[in-house]
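Listed here are the chains, written in short residue letters.
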Amino acid sequence: GAGVSQTPSNKVTEKGKYVELRCDPISGHTALYWYRQSLGQGPEFLIYFQGTGAADDSGLPNDRFFAVRPEGSVSTLKIQRTERGDSAVYLCASSPGRLAGASSYEQYFGPGTRLTVT
Amino acid sequence: RKEVEQDPGPFNVPEGATVAFNCTYSNSASQSFFWYRQDCRKEPKLLMSVYSSGNEDGRFTAQLNRASQYISLLIRDSKLSDSATYLCVVGVNFGNEKLTFGTGTRLTIIP
């Protein structure tokens, strides 16, 4: 079946602008995660949704970052007043959710959005 | 101290050889463990979950030592297609929660 999809694949924006990054999880997956990955580093957790609610937003670096998932499926990560330090690959992942069995928490990643702030 | 530590490599290994990666984690409450592989400019892909009893999937074997807070991955009979970065990943709880990634170990298989 279809995997996690993310749009756009690349985004170049000027410092100070607002950007939105979109994630479409695997159909039926109730849990959705945002991570970001800088060059030479592993992905770093930002926020996790279970259904429509943000269950853990402890990884958001500051209040310029916000994410929503209004219908429990597609999610949008919003970054206000972008800074050059926000440049990274933003990865979205989904997992089946609170089902019986060990595989319910295995996370599957989308291809990412490469954000460049100039 | 980083929450998940890996030797960044690079490891350059001849085709057909056996290669082992190690990883240590700092949070003794961690409950879920994984190895992901990541190809250049691609997303991480789940390679295998790591269970307390150890587990094997074809040429890949993962081991967990909770007492030493240590995870390993062994690749036997390495193939050119095994060239990638291998990420050690730890979660605190079973269930849906944030994962903490190591920086990854870069592996290149040499023909």
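Everything here concerns the structure above.
Nothing here was measured: the structure is a model prediction, and the numbers come from that model.

(A) Quick peek at the overall build of chain A. Of the regular secondary structure elements, chain A holds zero helices and eleven strands. Its C-alpha radius of gyration of 14 Å places chain A within 12% of the 13 Å reference for a compact globule of 118 residues. In terms of overall dimensions, chain A has C-alpha extents of about 45 × 25 × 20 Å along its principal axes. Here chain A holds 118 residues, and the buried ones make up 45% of them. Sequence-distant contacts in chain A: of pairs separated by 6 or more residues, those separated by 24 or more amount to 55%. Roughly 5600 Å² of accessible area belongs to chain A as shown, and the carbon and sulfur atoms make up 48% of that amount.

(B) A look at the state of the cysteines. Counted according to the given criterion, the structure contains two disulfides over all chains. Across the disulfide from Cys23 of chain A sits Cys92 of chain A; the S-S distance is 1.8 Å. Judged by the sign of its S-S torsion, about -65°, the cystine formed by Cys23 of chain A and Cys92 of chain A is left-handed. On the criterion of sequence distance, the pair formed by Cys23 of chain A in strand 3 (residues 19–24) and Cys92 of chain A in strand 9 (residues 88–95) is long-range, its members being 69 residues apart. When sorted by exposure, Cys23 of chain A lands in the same class as Cys92 of chain A, which is buried. Disulfide pairing is shown between Cys23 of chain B and Cys88 of chain B; the S-S distance is 1.9 Å. Judged by the sign of its S-S torsion, about -75°, the cystine formed by Cys23 of chain B and Cys88 of chain B is left-handed.

(C) Representation of the pattern of salt bridges in the model. A complete count under the given rule lists eight salt bridges over all chains for this structure. Note that Arg36 of chain A is salt-bridged to Glu44 of chain A, the shortest N-O span being 3.7 Å. Among the residues examined, Arg36 of chain A registers a relative accessible area of 14% and is labelled buried. Residue Arg76 of chain B is joined to Glu56 of chain B by a salt bridge in which the shortest nitrogen-to-oxygen separation is 3.5 Å. Note that Arg76 of chain B is positioned in the loop between strand 8 (70–75) and strand 9 (84–91) and Glu56 of chain B in strand 6 (residues 55–57), a separation of 20 residues in sequence. Judged by its relative accessible area of 57%, Glu56 of chain B is exposed. Via salt bridges that share partners, Arg64, Glu83 and Asp86 of chain A belong to a single interconnected network.

(D) The arrangement of the interface of chain B and chain A in detail. Chain B puts 20 residues into the contact, and the matching count from chain A is 27 residues. Taking both partners together, chain B and chain A bury about 1800 Å²; carbon and sulfur atoms supply 54% of that area. Run the count over chain B and chain A and you get zero salt bridges. For the interface between chain B and chain A, the tally reads four residue pairs in polar contact (both at pLDDT 80 or more). Those elements that provide at least two residues to the side of chain B that touches chain A are strand 4 (32–38), strand 5 (44–50) and strand 10 (99–101) of chain B. When residues in the side of chain B that touches chain A are grouped by element, the largest group, four residues, is from strand 4 of chain B. Class assignment for the residues of the side of chain B that touches chain A results in nine nonpolar, seven polar and four charged.

The rules behind each value
- Residues numbered from 1 in each chain as written.
- Chains lettered and ligands numbered in written order.
- Predicted model: local features only at pLDDT ≥ 70, side-chain atom pairs only at ≥ 80, totals over all residues.
- Heavy atoms only, no water.
- Helix = DSSP H or I, 4+ residues; strand = E, 2+ residues; numbered from the N terminus.
- Rg over C-alpha atoms; globule rule 2.2 N^0.38 Å.
- Buried < 20%, exposed > 50% of the residue type's maximum accessible area, 1.4 Å probe, protein only.
- Contact = heavy atoms within 4.5 Å.
- Areas by Shrake-Rupley, 256 points an atom, 1.4 Å probe, with all protein chains shown as cover.
- Disulfide = S-S within 2.5 Å.
- Salt bridge = Lys/Arg side-chain N within 4 Å of Asp/Glu carboxyl O.
- Buried area = accessible area lost by both parts, 1.4 Å probe.
- Polar contact = N/O pair within 3.5 Å; in protein donor to acceptor, adjacent residues only side chain to side chain.
- Nonpolar A, V, L, I, M, F, W, Y, C, P; charged D, E, K, R; others polar.

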